[in-house]
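# Architecture at a glance
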Amino acid sequence: MIRVGKKNAAEECRMGLEPGDTFECTYETPAEFCPTSFIKIFPAMEVVRCNGDLRALGGNGPYETTFICPDGVVLFKLTAERKAK
């Protein structure tokens, strides 16, 4: 997480997410991660899985993008890593 609300405080997020929280996503929603935010992040994960480039979705690089949660409270940074098969 980059930022949470105007005060940058966990109480502004319904899930209690805080700046600096990190999650590792594979295919399912990680424990303690916001399910509505996961709906928004899933298409970006699919782009990377299919050897695509996140810049096609407005990303900062081929494997990096930022997005705001559906509630407009949490600003996330997604950094993807290609894993060997």
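Note: the structure precedes this text.
What this report covers is the structure whose coordinates are included nearby. Only a predicted model underlies this, so the values are computations on that prediction, with no experimental measurement involved. (Residues numbered from 1 in each chain as written. Predicted model: local features only at pLDDT ≥ 70, side-chain atom pairs only at ≥ 80, totals over all residues. Heavy atoms only, no water.)

## Some words on the packing of aromatic side chains
As a reminder of what qualifies: Centres within 6.5 Å make a pair out of two Phe, Tyr or Trp rings, where for Trp the six-membered ring is used; the pair is then stacked when the planes are under 30 degrees apart, edge-to-face when over 60, and tilted otherwise. Strands here mean DSSP runs of E at least two residues long; helices mean DSSP runs of H or I at least four residues long; both are numbered from the N terminus. Throughout, exposure labels follow a simple rule: accessible area from a 1.4 Å probe, protein chains only, divided by the maximum for the residue type, with under 20% read as buried, over 50% as exposed, and the rest as partly exposed.
Applying the stated criterion across every chain yields a total of 5 aromatic pairs. Ring geometry for Phe-23 and Phe-33: centres 5.0 Å apart, planes at 80 degrees, overall edge-to-face. Of the two residues, Phe-23 sits in the loop between β1 (3–4) and α1 (35–49) while Phe-33 sits in the loop between β1 and α1, which places them 10 residues apart along the sequence. Looking at Phe-23, the relative accessible area reads 28%, which means it is partly exposed. On the basis of relative accessibility, which here comes to 5%, the residue Phe-33 falls in the buried class. With a centroid separation of 4.8 Å and 15 degrees between ring planes, the pair formed by Phe-67 and Phe-76 is classed as stacked. Each residue in the set Phe-23, Phe-33, Phe-38, Phe-42, Phe-67 and Phe-76 is aromatic and connected to the rest through ring pairs, giving one cluster.

## Here we look at unusual backbone geometry
Its identity is not glycine, yet Asn-8 carries a phi of approximately 55 degrees, on the positive side. Relative accessible area serves as the criterion here: at 38%, Asn-8 is assigned to the partly exposed category. Here the phi dihedral of Asn-51 falls at roughly 65 degrees; this positive angle occurs in a residue that is not glycine. On the basis of relative accessibility, which here comes to 58%, the residue Asn-51 falls in the exposed class.

## Side note on α1
Selection criterion: One less than the number of residues in a helix, times 1.5 Å, gives the span that helix is expected to have.
In a regular helix each residue adds 1.5 Å, so 15 residues correspond to 21 Å; α1 covers 20 Å between its end C-alpha atoms and thus fits that length. The first or second residue beyond α1 is Asn-51, which carries a positive phi of 65 degrees.

## Observations concerning the pairing of strand β2 (residues 64–68)
This is how it is decided: At least two DSSP bridges between two strands are required for those strands to pair.
Side chains Thr-65 and Phe-67 project from β2 onto a buried face, and the interleaved Glu-64, Thr-66 and Ile-68 project onto a face without burial. Across 5 bridges, β2 lies against strand β3 (residues 74–79) in antiparallel orientation. Each residue of the ladder has a partner; that of Phe-67, found in β3, is Phe-76. Hairpin connection from β2 to β3: 5 residues lie between these consecutive antiparallel strands, with Gly-72 at a positive phi of about 75 degrees.

## Details of the environment of Leu-75
Selection rule: Only heavy atoms matter for contacts: two residues are in contact if any of them lie within 4.5 Å across the pair.
Its location among the elements puts Leu-75 in strand β3. A C-alpha to C-alpha distance of 11 Å links Leu-75 and Asp-21, two positions 54 residues apart in sequence. Here Leu-75 is in contact with Met-1, Ile-2, Arg-3, Thr-66, Phe-67 and Ile-68, once residues within four sequence places are set aside.

## Observations regarding the nonpolar core
Where a protein is soluble and globular, its nonpolar side chains tend to be buried together. How we decide: To define a nonpolar core, start from buried Ala, Val, Leu, Ile, Met, Phe, Trp, Tyr and Cys residues and group those joined through side-chain atoms within 4.5 Å.
Core analysis: the largest hydrophobic core is formed by 18 residues, its most contacted members being Met-1, Val-4, Ile-41, Val-74 and Phe-76. For this core, the secondary-structure elements that each account for two or more residues are α1 and β3. No other element matches the 5 residues that α1 contributes to this core. Discounting residues that sit within four places of it in the chain, Ile-41 has contacts with Phe-67 and Leu-78.

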